[in-house]
Amino acid sequence: MAHILVVDDDADLRQLLLTALERDGHQVTALDRGSAVTEAHCRWAHCILLDVMMPGEDGFATCQRVRALADCPILFLTAKTEEADVIQGLGLGGDDYLTKPFRPTILLMKVKALLRRVEKPGRYTGGEFGEVYKENMPVRMCFCFPDTYEIGMSNLGMKILTGALNRLDFLGCERCFTPWADMEAELRKTGTKLFALESGDPLDAFDVVAFTMQYELCYTNVVNMLRLAGIPPLARDRGEDAPLILGGGPCTYNPEPMADFFDIFSIGEGEEALPELLTLYYECRENGLSKREFLRRAAGLEGFYVPSLYDVTYNADGTLASFAPNCAEAPARITKRVIPDLDTAYFPTDAAVPFLETVHDRVTMETSRGCIRGCRFCQAGIVYRPY
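Since we're looking at a predicted model, the values are computed, not measured. (Residues numbered from 1 in each chain as written. Predicted model: local features only at pLDDT ≥ 70, side-chain atom pairs only at ≥ 80, totals over all residues. Heavy atoms only, no water.)

(A) Here's a closer look at the pattern of salt bridges. For the coordinates displayed, the defined rule picks out 22 salt bridges. Residue arginine 140 pairs with glutamate 174 through a salt bridge whose shortest N-O separation is 3.1 Å. On the criterion of sequence distance, the pair formed by arginine 140 in strand β6 (residues 139-145) and glutamate 174 in strand β7 (residues 171-177) is long-range, its members being 34 residues apart. Overall, the relative accessible area of 2% leaves glutamate 174 in the buried class. Ionic pairing is found between aspartate 207 and arginine 285, a salt bridge with its closest N-O pair at 2.6 Å. Here aspartate 207, found in the loop between α8 (181-190) and β8 (208-212), pairs with arginine 285, found in helix α10 (residues 273-286); they are 78 residues apart in sequence, far enough to count as distant. Taking relative accessible area as the criterion, aspartate 207 reaches 18% and is therefore assigned buried. For arginine 285, a relative accessible area of 33% translates into the label partly exposed. Bridged by salt links that share partners, the residues Glu128, Glu131, Arg175 and Glu198 form one connected network. (Salt bridge = Lys/Arg side-chain N within 4 Å of Asp/Glu carboxyl O. Helix = DSSP H or I, 4+ residues; strand = E, 2+ residues; numbered from the N terminus. Buried < 20%, exposed > 50% of the residue type's maximum accessible area, 1.4 Å probe, protein only.)

Structure follows, in structure tokens:
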């Protein structure tokens, strides 16, 4: 299912297009004038069918506005057949041109051709039932899952943490996933930065960008997502105005392989730890403190590792030789955070419902955490001790 925006002042044609597209399985919004197209429409739509000759703002002017907001395909619908009109429309950012009158079957084929630019647009559009989008928050955070939407939206931990963070009255937490190869190619081709699902804003516009690292194979995805977002991957190359890069998840129990890329790691369970950290971040920013000062204070919270506050050396074979704090605030040993009572911990009851079929396409309930057996080869059996 794709989201199609139809903009045409002809009521009969709008109804015809609405019927044909919905029968073809698409979700359709129809507007009667170009000036009614908003930024929200542009972020929502996978494809826009745009009449050229409309009263007030014509289709060409609407196309220019849309192109400043989004890169979804635009198909012009018009009775103007002059070569100059076609050249003008495509030059303004249109992707195709269909002259009236036309057969609905031809229109549907052109729409399908445009949508094939990206295999599954629903991975990137947001707007799911139950989505939480908090506008104009003092602190903006994007929670990134460094794998595809279908895998990330199956992860219960992401639902728990984004839900817990969005309960904070000063913070809005959005989502982002690793784009598939086709979408990555489109981002690079068009110069578009990797963006959050809820607002469509690029990741470098957020105050905090967090990654959950569930397995080692996602490490390169973290670096790639930072590059796609226009954020320097190495912490030493990021300035005061760059987002704070936060890492969490099971792999942070051994954080050193990724320490050069992160400003701070959350070690252990995050339902209580992350709201504490973000509250401290908000207070520090309200008081005009620097990122460096915030990190020094954050190191004093239980369960957080700030790599820049430690001196680390390695042996010739790459193994760890020494590890010591270089400031008073950083503890010599970091203790993981543990939720002492799951019965009192936050749990989401109204998580977003994906448009796509996900890997675990069902509602997940957590009755316990960890495993009583503790097999040596099992990540969860070890890191979530005590059972």
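From this point on, the discussion continues.
(B) Spotlight on helix α9 (residues 219-228). Counting buried positions along α9 gives 7 out of 10 residues, so the element sits mostly inside the fold. The set of residues buried in α9 consists of Tyr219, Val222, Val223, Asn224, Met225, Leu226 and Leu228. Close packing links the buried residues of α9 with β6, β7, α8, β8 and β9 (244-248). Just past α9, the residue glycine 230 takes up positive phi, approximately 75°. (Contact = heavy atoms within 4.5 Å.)

(C) Highlighting the sheet that holds strand β2 (residues 27-31). Spatially, the 5 strands line up as an open sheet ordered β2-β1-β3-β4-β5, and their pairing is parallel. What marks the edges here is a single partner per strand, and that holds for β2 and β5 (96-99). Here the average twist between neighbouring strands, direction ignored, is 20°. Running over the sheet, helix α1 (residues 11-23) touches β1 (3-7), β2, β3 (47-51) and β4 (74-78) and is turned about 170° from β2. (Pairing = 2+ DSSP bridges. Axes fitted to C-alpha atoms, helices over the stretch in contact; angles between N-to-C directions.)

(D) Seen up close, the packing of aromatic side chains. One pass over the structure, following the stated rule, counts 11 aromatic pairs. Ring centres of phenylalanine 265 and tyrosine 305 lie 6.0 Å apart, and the angle between their planes is 15°; this geometry places the pair in the stacked category. Of this pair, phenylalanine 265 sits in strand β10 (residues 264-266) while tyrosine 305 is found in strand β11 (residues 304-305), placing the two residues 40 residues apart along the sequence. Assessed through its relative accessible area of 2%, tyrosine 305 is described here as buried. Ring geometry for tyrosine 305 and phenylalanine 323: centres 5.7 Å apart, planes at 55°, overall tilted. (Phe/Tyr/Trp six-rings, centres within 6.5 Å; stacked < 30°, edge-to-face > 60°.)

(E) Representation of a nonpolar patch on the surface. A surface patch of nonpolar side chains, about 280 Å² in accessible area, is lined by Tyr314, Leu320 and Phe323. Relative to the assigned elements, leucine 320 resides in strand β13 (residues 320-325). (Patch = residues over 30% accessible without salt bridge, like charges linked within 9 Å, V, L, I, M, F, W, Y side chains within 5 Å. Areas by Shrake-Rupley, 256 points an atom, 1.4 Å probe, with all protein chains shown as cover.)

(F) Focus on the pairing of β7. The buried count for β7 comes to 7 of 7 residues, which makes it a mostly enclosed element. Both faces of β7 are covered, namely the face carrying Leu171, Cys173, Arg175 and Phe177 and the face carrying Gly172, Glu174 and Cys176. By the bridge criterion, 7 bridges tie β6 to β7 in an arrangement that is parallel. Looking at β7, one finds that valine 139 is bridged to leucine 171.

(G) Spotlight on the side chain of aspartate 182. Here aspartate 182 lies in helix α8. Buried charge without a partner: aspartate 182 forms no salt bridge, and the closest opposite charge is arginine 123, 4.7 Å away. Discounting chain neighbours no more than four positions away, the residues touching aspartate 182 are Arg117, Val118, Glu119 and Tyr124. (Lys, Arg positive; Asp, Glu negative; His and termini not counted.)

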